[in-house]
Amino acid sequence: MISSKPLPITKVMVWEAYKLVKGKGEAAGVDEQSLTAFASDLGNNLYKLWNRLASGSYFPPPVRRVDIPKVSGGRRPLGIPTVADRIAQMVVKQYLEPEVDARFHPDSFGYRPGKSAHQAVQRARERCWRYDWVVDLDIEGFFDSIDHGLSMRALRRHTREVWVLLYIERWLTAPVLMPEGMLRERAAGTPQGGVVSPLLANLFLHYVFDMWMRKHFPRVVFERYADDAICHCRTRWEAESLKAALEQRFAACHLRLHPQKTRVVYCRDSNRRAVYPCVQFTFLGFCFRPRMAKNRWGGLFTNFLPAVSPQALKRMRARIRSWRLPKRAHLSLGEIARVVNPILRGWWQYYGRFYPTELRKLFEYFDERLGAWLRQKHKHLRGHRGRSLRTLNGIAQREPSLFVHWQRLGRATVG
């Protein structure tokens, strides 16, 4: 049966997109319709969306903006599309991604199928052992600064599908509903939080950075995770030259490298003894710097290694404080474990991948809070910090599987 709709968007494409969107957050957009509310009349909602998409009459509503705290301080703007708009974006993403992802650089790791942050950190670690210098790039306000004309120009290199170009251009120019209730037109950028935004960001930087590096600095290797990139150089002169050239390149593409956060870093270790003021950088939540390590014979030496960053530790400690464990004396230890273990497990799985002993500071703090919970729960322990921590260690030895870090360490981390 031949469809009477002018655009080749099928009901199956919309249904598959919905299945990918559901379960990824209840947040409502400007229409205040949550994912649960959308699903309550799923058939009608999906049909109406398909009908508008396939006829070319779909216009995205404004994106609701919220500001979330950044690890480094300040606020990060996040755009929340409506549920229907997330599904519509997923339709386009599923169609476009196989074509463009196959062309992306192998050292581009962000928001790509089969790629991960851990792979990027692992590659950076290995290259820091081989190259003496690093250029740590920080693009200021990247998602809000993407040039729409250049973005569409890059997109047209990969598809001539009219409906893909039509809807992506509409998403790029959809207005933003600010927290104070005002509508703001958007002349540049793509909202961080949109389903299709990471793909467009990767495509933009594929030409602005990846392919430009391959052409102009073919000897320089790099890792890029979305707008976070690390470049490895053999000499300080090469690193300084690259930094200056990249500042010009990004400026020509209407982007700006942060003048303080974009730095040349020396990868100092036991074999590199030159003195340089900057010997550390942070990449994907891991701080790379000189650290003590053991060789195969048990001897100590200095290596340039990643571990959980101080900023990430500060953020996680703040999360633990927000649980206010001493105020939860009415709960059992098992009930606390059921609530916090998924979070502790996520931290361990991500940050424990490299130099995991650095996480001990975090778990010591968590166990201190558990000790305060014990003192509040049991009157005979009040005012006796040492006794409460010894009690906690006894529990950890009897029930090591109760908390994630007890399973790894075999005991509580305090006392």
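Use the structure listed above.
Residues numbered from 1 in each chain as written. Predicted model: local features only at pLDDT ≥ 70, side-chain atom pairs only at ≥ 80, totals over all residues. Heavy atoms only, no water.

1. Thoughts on the overall build of the protein chain
Here is step 1 of the chain: A tally of helices and strands in the protein chain yields 15 helices and eleven strands.
Here is step 2 of the chain: Viewed in the frame of its principal axes, the protein chain has a C-alpha envelope of about 75 × 60 × 40 Å.
Here is step 3 of the chain: Accessible surface computed for the protein chain: about 20,700 Å², of which carbon and sulfur atoms make up 52%.
Here is step 4 of the chain: Between the mean site of the 70 positive side-chain charges and the mean site of the 36 negative ones, the protein chain shows a separation of 7 Å. (Helix = DSSP H or I, 4+ residues; strand = E, 2+ residues; numbered from the N terminus. Areas by Shrake-Rupley, 256 points an atom, 1.4 Å probe, with all protein chains shown as cover. Lys, Arg positive; Asp, Glu negative; His and termini not counted. Charge placed at Lys NZ, Arg CZ, Asp CG, Glu CD.)

2. Focus: the sheet that holds strand S9 (residues 281–283)
Here is step 1 of the chain: Taken together, three strands build an open sheet; the order of strands is S9-S10-S11 and the sheet is antiparallel. For this open sheet the edge positions go to S9 and strand S11 (300–308), each flanked by a neighbour on one side alone. Adjacent strand axes in the sheet meet at a mean angle of 50°, parallel and antiparallel pairs treated alike.
Here is step 2 of the chain: Where S9 and strand S10 (residues 286–294) come together, three bridges link them in antiparallel fashion. When the bridges of S10 are listed, Thr282 appears paired with Cys287.
Here is step 3 of the chain: Packing of helix H11 (residues 310–322) onto the sheet brings it into contact with S9, S10 and S11, and relative to S11 it is tilted by some 50°. (Pairing = 2+ DSSP bridges. Axes fitted to C-alpha atoms, helices over the stretch in contact; angles between N-to-C directions. Contact = heavy atoms within 4.5 Å.)

3. Section: helix H13 (residues 360–377)
Here is step 1 of the chain: For H13, with 18 residues, the first-to-last C-alpha span of 25 Å sits near the 26 Å given by 1.5 Å per residue.
Here is step 2 of the chain: Regarding H13, the residues found buried are Leu362, Phe363, Phe366, Asp367, Leu370, Gly371, Ala372, Trp373, Leu374 and Arg375. (Expected span 1.5 Å × (residues − 1). Buried < 20%, exposed > 50% of the residue type's maximum accessible area, 1.4 Å probe, protein only.)

4. Remarks on the packing of aromatic side chains
Here is step 1 of the chain: For the structure shown, the criterion picks out 25 aromatic pairs.
Here is step 2 of the chain: Ring geometry for Tyr58 and Tyr167: centres 6.1 Å apart, planes at 70°, overall edge-to-face. Residue Tyr58 is found in the loop between helix H3 (42–55) and strand S1 (63–69), and its partner Tyr167 is found in helix H8 (residues 162–173); the two are separated by 109 residues along the sequence. Each member of the pair Tyr58 and Tyr167 is classed as buried.
Here is step 3 of the chain: Seen in terms of ring centroids, Trp323 and Phe366 are 6.2 Å apart; in terms of plane orientation they differ by 85°. Their pairing is edge-to-face. Here Trp323 is found in the loop between H11 and helix H12 (333–351), whereas its partner Phe366 is found in helix H13, with 43 residues between them in sequence.
Here is step 4 of the chain: Looking at Trp323, the relative accessible area reads 13%, which means it is buried.
Here is step 5 of the chain: Among the residues examined, Phe366 registers a relative accessible area of 0% and is labelled buried. (Phe/Tyr/Trp six-rings, centres within 6.5 Å; stacked < 30°, edge-to-face > 60°.)

5. Brief notes about the environment of Val264
Here is step 1 of the chain: Turning to its location among the elements, Val264 is positioned in strand S8 (residues 263–266).
Here is step 2 of the chain: Judged by relative accessible area, which is 5%, Val264 ranks as buried.

6. Some details on the side chain of Arg375
Here is step 1 of the chain: Relative to the elements of secondary structure, Arg375 occurs in helix H13.
Here is step 2 of the chain: The side chain of Arg375 sits in the buried core without any salt bridge; Glu368 is the nearest counter-charge, 5.3 Å away.
Here is step 3 of the chain: Beyond its immediate stretch of four places on either side in the chain, Arg375 contacts Leu381, Arg382, Gly383, His384, Arg385 and Ser388. (Salt bridge = Lys/Arg side-chain N within 4 Å of Asp/Glu carboxyl O.)

7. Section: the pattern of salt bridges
Here is step 1 of the chain: Within the structure shown, the criterion is met by 20 salt bridges.
Here is step 2 of the chain: Asp107 is the salt-bridge partner of Arg127, the closest N and O atoms lying 3.1 Å from each other. Here the residue Arg127 occupies a position in helix H5 (residues 117–130), and Asp107 occupies one in the loop between helix H4 (83–101) and H5, the gap between them amounting to 20 residues.
Here is step 3 of the chain: Under the relative-accessibility criterion, Asp107 is labelled buried at 7%.
Here is step 4 of the chain: When the shortest N-O distance is used, the salt bridge between Glu140 and Arg256 registers 2.2 Å. Remark: Arg256 occurs in the loop between helix H10 (236–252) and S8 and Glu140 occurs in the loop between strand S3 (133–138) and helix H6 (142–145); sequence separation between them is 116 residues.

8. A closer look at the nonpolar core
Here is step 1 of the chain: Grouped together as the largest cluster of nonpolar side chains are 82 residues, with contacts concentrated most on Phe209, Met213, Cys231, Leu246 and Phe403.
Here is step 2 of the chain: Considering each element in turn, this core owes the most residues, eight residues, to H12.
Here is step 3 of the chain: Once residues lying within four places of it in the same chain are set aside, the contact partners of Leu246 are Leu137, Phe209, Trp212, Met213, Cys231 and Leu257.
Here is step 4 of the chain: In terms of nonpolar packing, the next biggest core, distinct from the first, is built from 41 residues, Tyr58, Ala88, Leu155 and Leu203 among them. (Core = buried A, V, L, I, M, F, W, Y, C linked by side-chain atoms within 4.5 Å.)

9. Comments concerning the pairing of strand S6 (residues 221–225)
Here is step 1 of the chain: Taken across its five residues, S6 has four buried, putting it largely inside the fold.
Here is step 2 of the chain: In terms of strand pairing, S6 meets strand S7 (residues 228–233) through five bridges, oriented antiparallel. From the neighbouring strand, Val221 faces S7, where its bridge partner is His232.
Here is step 3 of the chain: The antiparallel hairpin formed by S6 and S7 contains two residues in its connecting segment, where Ala226 sits at a positive phi of about 55°.

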